[in-house]
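What follows is each chain in one-letter form.
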Amino acid sequence: MNQVIWKCKEAEERSIPKVKKKSRREYNNPWFNRQCQEAKVRSRRDWRKYRRQRKEDNRIRCNRTRNDYINIRRVSERNYENDIAIKVKKQPKLLHSHIRRKMSVNEQVTRQRKTEGAYTESDKKICEVLNASFHGVFTTKPERFPLIEEITLDERLSDIEVTAEEVMKQLTTLDATKAIGPEKLSPWIQKEAAQALSVPLAMIFNESLMSGELPSCWKEANVVPIFR
């Protein structure tokens, strides 16, 4: 199984180009396409020209390109929202991410009250106060847990056979928007490469059923604690 994952990652690095994200928030908007970027470049160029030479024709050109840029941005954002409305039933995460992006506020805790009543502005002290508050709501676990009787099964599911067609059918129905697991293999890649992955995965499934053992990577999972 590890060799299959390694081969998929190798093909991903070789075939899928990497795109560097822009640091500015405006460039991170999904509706900010190439047309918006070109209009913004023209607007900035004319604005710099008008600052150097404050002539009437430069001012008119600067205002025109600025208004064109604003209109292009509005049209692009409106088209993106219309596209979300069309795809909302099949891809609801697009709508959720768009709403979160609209509601996101870049705020952070800069001052925290300690248990004794005083306030602190140190990042380290703020983390300690919050950690103590979170830790205080947890229930105390008993030191000794009841013993569970160990059950050993020697049965093998040798009468079950998994075919490559069945595996490919399941891979093609994967949700490409789901998060990746510990193997760092995107569901989108698994869905697109369903035909190539179906044969080796079917062999792994059948071998697992015959031997009664699971690959170690199948027992791994990403566990993230969430305070509620």
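Above: the structure in question.
Here is a short report on the structure shown in this document. Bear in mind the structure is a predicted one, so any value in this text is a computation, not a measurement.

### So, helix H3 (residues 56–87)
Relative to the 46 Å expected for 32 residues at 1.5 Å per residue, H3 spans 47 Å between its end C-alpha atoms, a close match to the ideal helical length. Residues Asn58, Cys62, Thr65, Tyr69, Ile72, Ser76, Glu77, Tyr80 and Ile84 constitute the buried set of H3. Considering only its buried residues, H3 is in contact with helix H2 (34–52) and helix H4 (92–103).

### Describing a nonpolar patch on the surface
A surface patch of nonpolar side chains, about 270 Å² in accessible area, is lined by Leu95, Ile99 and Met103. Note on placement: leucine 95 falls in helix H4. A relative accessible area of 31% places leucine 95 in the partly exposed class.

### Notes on a positive patch on the surface
On the surface, Arg44, Arg48, Lys49, Arg51, Arg52, Arg54 and Lys55 cluster together to form a positively charged patch. Secondary-structure assignment places arginine 44 in helix H2. Classification of arginine 44 as partly exposed rests on a relative accessible area of 34%.

### Some remarks on the side chain of serine 198
Following the sequence through the fold, serine 198 ends up in helix H8 (residues 194–211). Of the polar contacts made by the side chain of serine 198, one reaches the backbone oxygen of glutamine 195; its length is 3.0 Å. Every residue in contact with serine 198, bar those within four places of it in the chain, is listed here: Ala164, Val167, Met168 and Leu171.

### Concerning the environment of lysine 87
With respect to the secondary-structure elements, lysine 87 resides in helix H3. Note on lysine 87: relative accessible area 34%, which makes it partly exposed.

### Brief notes about the packing of H3 against H4
Packing of H3 against H4 leaves a shortest axis separation of 8 Å and a crossing angle of 140 degrees. Here H4 runs oblique to H3, going by the angle between their axes. Here H3 runs over H4; the crossing is left-handed. Taking contact as the criterion, the partners of Glu77, Tyr80, Glu81, Ile84 and Lys87 in H3 are, on H4, Pro92, Leu94, Leu95, His98, Arg101 and Lys102. Among the residues forming the contact of H3 with H4, the class breakdown is five nonpolar, one polar and five charged.

### Some details on the packing of aromatic side chains
Summed over all chains, the structure comprises three aromatic pairs. Note on tryptophan 47 and tyrosine 50: the rings are 6.1 Å apart at their centroids and 40 degrees apart in plane angle, and the pair reads as tilted. Linking tryptophan 47 with tyrosine 50, this pair stays in helix H2, spanning three residues, or about one helical turn. Among the residues examined, tryptophan 47 registers a relative accessible area of 40% and is labelled partly exposed.

### Thoughts on the packing of H2 against H3
The interhelical angle for the contact between H2 and H3, taken along N-to-C directions, is 160 degrees, at an axis separation of 8 Å. Our classification of the angle between H2 and H3 gives roughly antiparallel. Handedness of the H2/H3 crossing: left-handed. Side by side, H2 and H3 meet where Gln35, Cys36, Ala39, Lys40, Arg42, Ser43, Asp46, Trp47, Lys49 and Tyr50 of the first sit next to Asn58, Arg59, Arg61, Cys62, Thr65, Arg66, Tyr69, Ile72, Arg73 and Ser76 of the second. Residue composition of the contact of H2 with H3, by class: seven nonpolar, five polar and eight charged.

Rules of the game
- Residues numbered from 1 in each chain as written.
- Predicted model: local features only at pLDDT ≥ 70, side-chain atom pairs only at ≥ 80, totals over all residues.
- Heavy atoms only, no water.
- Helix = DSSP H or I, 4+ residues; strand = E, 2+ residues; numbered from the N terminus.
- Expected span 1.5 Å × (residues − 1).
- Buried < 20%, exposed > 50% of the residue type's maximum accessible area, 1.4 Å probe, protein only.
- Contact = heavy atoms within 4.5 Å.
- Patch = residues over 30% accessible without salt bridge, like charges linked within 9 Å, V, L, I, M, F, W, Y side chains within 5 Å.
- Areas by Shrake-Rupley, 256 points an atom, 1.4 Å probe, with all protein chains shown as cover.
- Salt bridge = Lys/Arg side-chain N within 4 Å of Asp/Glu carboxyl O.
- Lys, Arg positive; Asp, Glu negative; His and termini not counted.
- Charge placed at Lys NZ, Arg CZ, Asp CG, Glu CD.
- Polar contact = N/O pair within 3.5 Å; in protein donor to acceptor, adjacent residues only side chain to side chain.
- Axes fitted to C-alpha atoms, helices over the stretch in contact; angles between N-to-C directions.
- Parallel < 35°, antiparallel > 145°, perpendicular 65-115°, else oblique.
- Left-handed = near helix turned anticlockwise from the far one by under 90°.
- Nonpolar A, V, L, I, M, F, W, Y, C, P; charged D, E, K, R; others polar.
- Phe/Tyr/Trp six-rings, centres within 6.5 Å; stacked < 30°, edge-to-face > 60°.

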